Each structure stands twice: as C-alpha cells, then as structure tokens.
Amino acid sequence: MTLLLTPSANAVARQVEPESFRDFAHQELEVCAPWQAGICFRPECGAEFVPSRQWQIYCCQACERAGVAELRKWGHRMALSALVWRMGKYNREDEGVINLTRAARRHLTQLQSAWVADRSARAAERGL
Ligand SMILES: [Zn+2]
C-alpha cells in the first residue's frame, strides 16, 4: 500500500539545481571571456561571424553541436575525479581517502592540461 503524502507548508524546499558556469560567472565573463565576440570558439573553426544573440560563441549550429559534444566528452572524463576530489577534500584522518583525493586532484589537473593542449593543437592545425 502506498501512502500519499500531501505537501505541507512546512516542507523543506527541494534543493535548486546549481546554475551553469555562464550564469554563475556572468559578470566575470563580461570582463574577461575565454572567447572573442564574433569569433567561433571551436578551435578548429575560428570563423568570424555576426552573433545573432549576445551569448552566441559558435558560428553555426554544427560548431555549437561539436562544442557541446566536446564539453560532454571532457566533462564526462572529469566527472568522477571531480566528485571524488570534492568528497574527500576536507578529510584529514583516513590515509586511504587522503591518497584517493590527491589522485583525483592530479587526474583532474592532467585532464584539464590535456584539454587545453588538445584545443591548442586543433587551433594550430588551422594555422594559429
Ligand atoms: Zn565555427
């Protein structure tokens, strides 16, 4: 038997999903964005374009799809190490957790460096 619970006025609100980085760091991105307005953010493209919206960073839908796929690919690789690093970040007692947390942080740093190197190599292939 399933009991149906009616929502109470005293119920705790569900936690809101964290906002995207672009929303979270909106002001900072306004000052110092890692992309140039009107230049496609996809390294192997880099085409000049006229943005139809202020937040447009890719020249076309194909580049946007490829850019989102790139974020997914690298984000998926980083997800577990980012989670493990954060879960153990403040543990000062369990040596196993401390070592695992360090490994997760090293892995995250290696992936970040590899991603930046990958983007630089792709930009270099088009002559930058
Ligand atoms: Zn493009």
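Up top you'll find the structure we're talking about.
Now for a description of the structure that goes with this document. (Residues numbered from 1 in each chain as written. Predicted model: local features only at pLDDT ≥ 70, side-chain atom pairs only at ≥ 80, totals over all residues. Heavy atoms only, no water.)

Bringing the packing of aromatic side chains into the picture now. All told, the structure shown has three aromatic pairs when counted by the stated rule. Taking 6.3 Å as the distance between ring centres and 55 degrees as the angle between the ring planes, the aromatic pair formed by phenylalanine 41 and tyrosine 58 counts as tilted. Highlighted residues: phenylalanine 41 in the loop between α2 (26–31) and α3 (61–88) and tyrosine 58 in the loop between α2 and α3, separated in sequence by 17 residues. Here tyrosine 58 falls in the buried class, since its relative accessible area comes to 10%. Relative to tryptophan 115, the ring of tryptophan 74 has its centre 5.7 Å away and its plane inclined at 5 degrees; by these criteria the two rings are stacked. Of this pair, tryptophan 74 sits in helix α3 while tryptophan 115 sits in helix α4 (residues 95–125); the two residues are 41 residues apart in sequence, bridging distant segments of the chain. For the residue pair tryptophan 74 and tryptophan 115, the accessibility class agrees, reading buried in each case. Taken together, the ring pairs in this structure connect Trp35, Phe41 and Tyr58 into an aromatic cluster. One Lys or Arg, arginine 77, reaches over the ring of tryptophan 74 and ends 4.6 Å from the middle of that ring. (Phe/Tyr/Trp six-rings, centres within 6.5 Å; stacked < 30°, edge-to-face > 60°. Helix = DSSP H or I, 4+ residues; strand = E, 2+ residues; numbered from the N terminus. Buried < 20%, exposed > 50% of the residue type's maximum accessible area, 1.4 Å probe, protein only. Lys NZ or Arg CZ within 6 Å of the ring centre and 35° of its normal.)

Take the coordination of the zinc ion next. In the first shell of the zinc ion, the protein supplies Cys40 (SG), Cys45 (SG), Cys59 (SG) and Cys63 (SG), at 2.3 to 2.4 Å from the metal. Coordination at the zinc ion is tetrahedral, judged from the four donor atoms that bind it and the angles of 104 to 116 degrees they form at the metal. Mapped onto the sequence, the residues coordinating the zinc ion show the spacing C-x4-C-x13-C-x3-C. (Donors = N, O, S within 2.8 Å, 3.2 Å for Na, K, Ca; no water. Tetrahedral: all angles 85-135°; square planar, octahedral: opposite > 155°, others 65-115°.)

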